[in-house]
Structure formats: C-alpha cells, structure tokens
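# Residue-level structure breakdown
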Amino acid sequence: MTGGFVIAIDGPAGTGKSTVARRVAQALDAGYLDTGAMYRIVTLAVLKAAVDPTDDAAVAALLPQLDFDSPTNAGPQRHSLAGTEVGTDIRGPAVTLAVTPVSANPAVRAWLLDRQRLLARSGRMVVEGRDIGTVVVPDADLKVYLTADAEERARRRHRQNAALVGGPAGDAGADLAAVVTDLHRRDTKDASRTHAPLQAAADAVVVDSSELAVEETVARVLALAAERGIR
Ligand code: DC
C-alpha cells in the first residue's frame, strides 16, 4: 500500500501506546496523531479559563473560541494553545486529573471528532487514542488494542512521570502507589463512560505488551501492518 492508510492504536494509559505509535509511524514514514493530547489541550484551556471541568455546559461554551495546533509529525511534537507552547503543561497532574470529566463530555467529543477524522484521513497515518478503532476511524486498515497488566503499566507511567519532572526514576513506593490509584481511576472512568468508552473494537488485534520490550511491540505492529499490505 503506497497511498493513504490508517493504523488505529487504542488502549488504556501506561501501555507504551504513544512510544509504540510514534515508532510505528517513523518506521512507515507516516504521520502520527495523538488524540489524547487534543483532550489534554482542551482540558488545559478549561483550567486556564477557571471553568469547572465537570460543568458540561460551561465547558461546551468554551469550545468555539479554542485555538490550538494538532501536530501530525512523527518526531517531537509541538503542542500549542493560542500560540503558546503547552507540551509540558498538558502532561501535568492538574490536566491528568481534569481530563477525565472533560473527555467524557459529549460536546467535547463531538467537537474534536471532525478534526480527528480529517487529520486521520490525511494520508499515511498512525492514530492513537481510546476510541479510534470504534468511533473515529471504524474502517481503519489495522486496529491494534494495546494492553499490559496494571502493575507493569503503573511502573512504566511512574518512570515516565519521573523523566518529565527531570527527577530520578527511583521506585519511591508512595509515588508508585499514587500512580496505581490514578491509572485505576482513569481506566475505570474511561471504560465506563457513556460516550465512546475505552474498549477494543471487535476486529482489533489485542497485543499484550506486559512481557514485550518496546522494539518487540513495534515489530509486532509492523508485522500486522505488513500482513495488511501496509509497508
Ligand atoms: O492518552 P492520554 O493519557 O494522553 O489521554 C488523556 C485522556 O484523554 C485519557 O484519560 C482519556 C482521554 N482520551 C479519550 O477519551 N479518547 C481518546 N481518543 C484519547 C484520549
């Protein structure tokens, strides 16, 4: 396949989804869309406007004024809100907490959906999220649902958080416990919400990365892509 394609990569937090999706995109010389970042940017705008993230109507009222970039390059991405770079802010704990109600808001999902579909259909694309295979691109050329056991996901996310704040990746027990609690909170809420819950599409290939190194997971996804004529 040399024309456009869409590879959908869904799954819960901490599975290594972003790293895998980005590397798959690089290997295929394709674009990469991080839909979680879009929900995070909307959430940051909500917090900056001092709007209650659980107030669906007030959050919906902000949407028409939002101005943000949705990069699709497979290298380091620059996320900006109203022209200001927000790459670090959108990964912080305040956004991570508030993104759950914001991403469960049907008006937010509907508003982002058109933009996500347009970008997903823009050529050779790897698209990462929770509902890509089920809602955003139900006819994707390949759907992967990436999982890993809860403890391993918490360890990975903990390492990632430590790297983000520039601290040591040590295993401070209390921090790790907090990460476990937060991942559990998000998984439960993401999977049980009414609109576009986190779930594997019926035709998704489930890849369990608990025992796999990143390169092995990437190789597995590339092999699945090749089986479908994507190379
Ligand atoms: O992948 P992430 O952790 O950056 O995503 C942030 C939040 O956005 C996550 O808690 C669930 C939500 N999300 C979603 O509801 N649908 C998507 N397609 C992507 C993310």
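Structure report, in brief. Note that the structure is a prediction, hence the values are computed from the model and not measured.

Along the chain, Thr35 falls in helix α2 (residues 35-48). Once residues within four sequence positions are removed from consideration, Thr35 is found in contact with Gln116, Val127, Glu128, Gly129 and Ile132.

Right, let's get into the site of the ligand. Near the ligand there are 14 residues, and of these Arg40, Arg109, Asp131, Arg186 and Arg193 occur at the shortest range. Within the side chain of Arg109, a nitrogen or oxygen atom sits 2.8 Å from an oxygen atom of the ligand. A distance of 3.4 Å separates an oxygen atom of the ligand from a polar side-chain atom of Asp190. Every element with two or more residues in the shell around the ligand is listed here: α2, α4 (93-104) and α8 (173-192). It is α2 that provides the largest number of residues to the shell around the ligand, a total of four residues. Grouping the constituent residues of the shell around the ligand by class yields two nonpolar, four polar and eight charged.

The next subject is the nonpolar core. Nonpolar side chains tend to gather and get buried jointly when the protein is soluble and globular. Val42, Phe68, Leu81 and Val108 are the most contacted members of the largest nonpolar core, which totals 33 residues. Of all the elements in the fold, those that place two or more residues in this core are β1 (5-10), α2, α3 (56-62), α4, α5 (106-120), β5 (124-129) and α6 (132-136). Broken down by element, this core gets its largest block of residues, eight residues, from α2. Contact partners of Val108, with chain neighbours within four places excluded, come to Tyr39, Val42, Val59, Leu63 and Val102. Core analysis: the next-biggest nonpolar cluster, separate from the first, contains 22 residues, Ala30, Leu142, Leu146 and Ile230 among them.

Right, let's talk about the packing of aromatic side chains for a bit. The final tally for this structure, using the stated rule, is one aromatic pair. On the basis of an interplanar angle of 50° and a centroid distance of 6.1 Å, the ring pair of Phe68 and Trp111 is categorised as tilted. Taken together, the residues Phe68 in the loop between α3 and β3 (80-81) and Trp111 in helix α5 connect sequence positions 43 residues apart. The exposure class of Phe68 is buried, given its relative accessible area of 5%. Exposure remark for Trp111: the relative accessible area of 28% places this residue in the partly exposed category. Its guanidinium or amino end placed over the ring of Phe68, Arg115 lies 3.8 Å from that ring's centre, counting from NZ or CZ.

Here we take up the pairing of β5. Burial of β5 is extensive: five of the six residues sit out of reach of the surface. Pairing geometry for β1 and β5, over six bridges, is parallel. The residue of β5 that forms the bridge with Ile7 is Val126. For strand β2 (residues 31-34) and β5, the ladder comprises four bridges, and the chain directions are parallel. Residue pairing across strands places Tyr32 opposite Val126, the latter belonging to β5.

Criteria and cut-off values
Residues numbered from 1 in each chain as written. Predicted model: local features only at pLDDT ≥ 70, side-chain atom pairs only at ≥ 80, totals over all residues. Heavy atoms only, no water. Helix = DSSP H or I, 4+ residues; strand = E, 2+ residues; numbered from the N terminus. Contact = heavy atoms within 4.5 Å. Near = heavy atom within 4 Å. Polar contact = N/O pair within 3.5 Å; in protein donor to acceptor, adjacent residues only side chain to side chain. Nonpolar A, V, L, I, M, F, W, Y, C, P; charged D, E, K, R; others polar. Core = buried A, V, L, I, M, F, W, Y, C linked by side-chain atoms within 4.5 Å. Buried < 20%, exposed > 50% of the residue type's maximum accessible area, 1.4 Å probe, protein only. Phe/Tyr/Trp six-rings, centres within 6.5 Å; stacked < 30°, edge-to-face > 60°. Lys NZ or Arg CZ within 6 Å of the ring centre and 35° of its normal. Pairing = 2+ DSSP bridges.

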